[in-house]
Amino acid sequence: MIKVTYLDHSGFAVAAPSAILVFDYSKDPGKNLEKILREHPDPELPVVFFVSHHHPDHFNTSIFELAQDRKRTYVLSNDIFSKLVPQKGISVAWMSAGDIIESIPGVARVEAFKSTDAGVSYLVTLPGGKTVFHAGDLNDWRWAEDSTAEEQQRMEQKFTSILGNIREAHPSIDIAMFPVDARLGDNFARGAQSFLKAVRTGYFFPMHFWGESQKACDFDSYIPKGVSTRCVCLDRPGQHCDIAG
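As the structure is a computational prediction, the values presented were derived from the model and not from experiment.

As for the overall build of the chain
Working step 1: Tallying secondary structure elements over the chain gives four helices and 14 strands in all.
Working step 2: Its C-alpha atoms give the chain a radius of gyration of 17 Å, near enough to 18 Å, the size a compact globule of 245 residues would have.
Working step 3: Referenced to the eigenvectors of the C-alpha coordinate spread, the extents of the chain come out at roughly 50 × 35 × 35 Å.
Working step 4: When the 245 residues of the chain are sorted by exposure, 55% land in the buried category.
Working step 5: Summarising the internal contacts of the chain: among those between residues at least 6 apart in sequence, 61% fall at separations of at least 24.
Working step 6: Carbon and sulfur atoms form 47% of the exposed surface of the chain, whose accessible area is close to 10,900 Å².
Working step 7: Taken as two groups, the 25 positive and 31 negative side-chain charges of the chain have centres that lie 3 Å from each other.

Right, dumping it as structure tokens:
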């Protein structure tokens, strides 16, 4: 069984049989990560923290103080200032787009893909073969009021190119977390639509919706026809979804 728990904003904890994966922890108002660790008391179960980029809504230095009684690994995007990372006592793997790591405890493989903003997006393969994708700030960021038509076109081309790379490497993904940002206006779900058309996705979790979950969770308004993805709305910290492992 795999349990996906929403922490807040773009933060998720994915508790799998081989490891607990924590993505883009910025805050955890319900202390849900602590609860998850108590539910999995085995001190040998690895905890892997993934940080997609340096923006404060995706990266909080308090992660280096969490789960201190566990075997911890921190997978960090190379845009994060090294001075913010403890120099001793923790295991750190730095990644740039195109990097692949196959030596992280509890994880079979981690691939870093490009982003259309800072840092990277992550594709994690678990030992049993299940795949987990966290987009970070990868999205089709088409700000209609703040960018020219040419700038929007360049953004879409960049996004489409990255999607092509992801699809080539992984035509299907079991679990995906992706931005559905209402601040984009009519374009709020354009990136999610493109992602779901490009990559066969088992479970889709919207994120990065800045408190406007009603739009992000109105799946009928943007999920492409014919797509069999199971869409799950976790819009309050602590909500979770159990997925057969």
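Considerations on the layout of surface pockets
Working step 1: Taken as a whole, the largest pocket spans an internal volume of roughly 170 Å³.
Working step 2: In terms of residue class, the lining of the largest pocket is made up of five nonpolar, no polar and four charged.

With respect to the nonpolar core
Working step 1: In this structure, Leu 21, Phe 133 and Phe 205 are the most contacted members of the largest nonpolar core, which totals 59 residues.
Working step 2: In terms of residues, this core owes the most to one element, strand 11 (residues 172-179), which gives five residues.
Working step 3: Formed by 23 residues, the second largest nonpolar core is a distinct cluster that contains Leu 7, Ala 15, Phe 59 and Ile 63.

Brief notes about the sheet that holds strand 9 (residues 120-125)
Working step 1: With mixed pairing, the seven strands of this open sheet are ordered in space as 7-8-9-10-11-12-13. Because the sheet does not close on itself, it has two edges, and the strands there are strand 7 (100-101) and strand 13 (230-231).
Working step 2: Examined bridge by bridge, strand 7 and strand 8 (residues 109-114) share two bridges and lie antiparallel to one another. Along strand 8, the bridge assignment pairs Ile 100 with Glu 111.
Working step 3: Helix-sheet contacts for helix 2 (residues 149-169) involve strand 8, strand 10 (131-134) and strand 11, and the interaxial angle to strand 8 is about 160°.
Working step 4: Across the sheet, helix 3 (residues 190-198) touches strand 10, strand 11 and strand 12 (200-207), and the angle it forms with strand 11 is around 175°.

Section: the environment of Arg 230
Working step 1: Note on placement: Arg 230 falls in strand 13.
Working step 2: For Arg 230, a relative accessible area of 46% gives the class partly exposed.
Working step 3: In this structure, the C-alpha to C-alpha distance between Arg 230 and Gly 98, residues 132 residues apart in sequence, is 29 Å.
Working step 4: Apart from residues lying up to four places away in sequence, Arg 230 is in contact with Gly 202, Tyr 203 and Phe 204.

Side note on the state of the cysteines
Working step 1: Scanning the model with the defined rule gives one disulfide in all.
Working step 2: Disulfide pairing is shown between Cys 217 and Cys 233; the S-S distance is 1.9 Å. Its S-S torsion of approximately 75° makes the covalent link between Cys 217 and Cys 233 right-handed. Taken together, the positions of Cys 217 in the loop between helix 4 (213-216) and strand 13 and Cys 233 in the loop between strand 13 and strand 14 (240-243) put the pair 16 residues apart, joining distant regions of the chain.
Working step 3: As a non-bridged cysteine, Cys 231 has Cys 217 as the owner of its nearest cysteine sulfur, 9.7 Å distant.
Working step 4: Cys 241 forms no disulfide, and the closest cysteine sulfur to it belongs to Cys 231, at a distance of 11 Å.

Let's talk about the packing of aromatic side chains
Working step 1: Enumeration over the complete set of coordinates arrives at 13 aromatic pairs.
Working step 2: A ring pair is formed by Phe 49 and Tyr 74, whose centres lie 4.9 Å apart and whose planes are at 10°; its orientation type is stacked. In this pair, Phe 49 sits in strand 4 (residues 47-51) while Tyr 74 sits in strand 5 (residues 72-77), placing the two residues 25 residues apart along the sequence. A single burial state applies to Phe 49 and to Tyr 74, both of which are buried.
Working step 3: Between the aromatic rings of Phe 64 and Tyr 74, the centroid separation amounts to 5.0 Å while the plane-to-plane angle is 50°, which identifies the pairing as tilted.

Some remarks on unusual backbone geometry
The phi angle of most residues is negative, glycine excepted, and most peptide bonds adopt the trans form.
Working step 1: One non-glycine residue with positive phi stands out, namely Lys 31, at about 50°.
Working step 2: Along the chain, the position of Lys 31 falls in the loop between strand 3 (20-23) and helix 1 (32-39).
Working step 3: Despite not being glycine, His 208 shows a phi value in the positive range, around 60°.
Working step 4: Tracing the chain through its elements places His 208 in the loop between strand 12 and helix 4.
Working step 5: Classification of His 208 as buried rests on a relative accessible area of 2%.

Topic: the side chain of Asp 181
Working step 1: Looking at where Asp 181 falls in the secondary structure, it is placed in the loop between strand 11 and helix 3.
Working step 2: With relative accessibility at 0%, the residue Asp 181 sits in the buried group.

Thresholds, definitions, all that
Each chain has its residues counted from 1, running along the sequence as written. Totals for whole chains, interfaces and linings use all residues, but because this is a predicted model, local features are given only for residues with pLDDT of at least 70 and pairs of side-chain atoms are given and counted only at 80 or more. Here the side-chain values reflect all heavy atoms present in the structure, with hydrogen atoms and water set aside. By definition, any uninterrupted DSSP run of H or I lasting at least four residues is a helix, any uninterrupted run of E lasting at least two residues is a strand, and each is numbered from the N terminus. With the radius of gyration taken over C-alpha atoms, the globule rule is written as 2.2 Å times the number of residues to the power 0.38. Residue exposure (1.4 Å probe, protein chains only): buried if accessible area is under 20% of the type maximum, exposed if over 50%, otherwise partly exposed. In what follows, residue pairs with any heavy atoms lying within 4.5 Å of each other are defined as contacts. Note on areas: Shrake-Rupley with a 1.4 Å probe; residue coverage comes only from the protein chains shown. Only four residue types enter the tally: Lys and Arg on the positive side, Asp and Glu on the negative side, with His and both chain ends excluded. The location of each charge is read from NZ of Lys, CZ of Arg, CG of Asp or CD of Glu. Buriedness of a pocket was judged along seven lines, with at least five required to meet protein on both sides within 12 Å; pockets are open sets of points on a 1 Å grid over the protein atoms alone, cavities are sets where a 1.4 Å probe fits but cannot get out, and lining residues have an atom within 4 Å of a point. Grid points are joined across faces, edges and corners, and a volume is the space filled by probe spheres set on the points. When residues are grouped by polarity, Ala, Val, Leu, Ile, Met, Phe, Trp, Tyr, Cys and Pro land in nonpolar, Asp, Glu, Lys and Arg in charged, and all others, Gly among them, in polar. Note on terminology: a nonpolar core comprises buried Ala, Val, Leu, Ile, Met, Phe, Trp, Tyr and Cys residues joined through side-chain atoms within 4.5 Å. When DSSP locates at least two bridges between a pair of strands, those strands are taken to pair. Throughout, an axis means a line fitted to C-alpha atoms (over the contacting stretch in the case of helices), and angles, computed between N-to-C directions, take values from 0 to 180 degrees. To count as a disulfide, a pair of cysteine sulfur atoms needs to be within 2.5 Å. The criterion for an aromatic pair is that two Phe, Tyr or Trp rings (for Trp, the six-membered ring) have centres within 6.5 Å, with stacked assigned to planes under 30 degrees apart, edge-to-face to planes over 60 apart and tilted to the rest.

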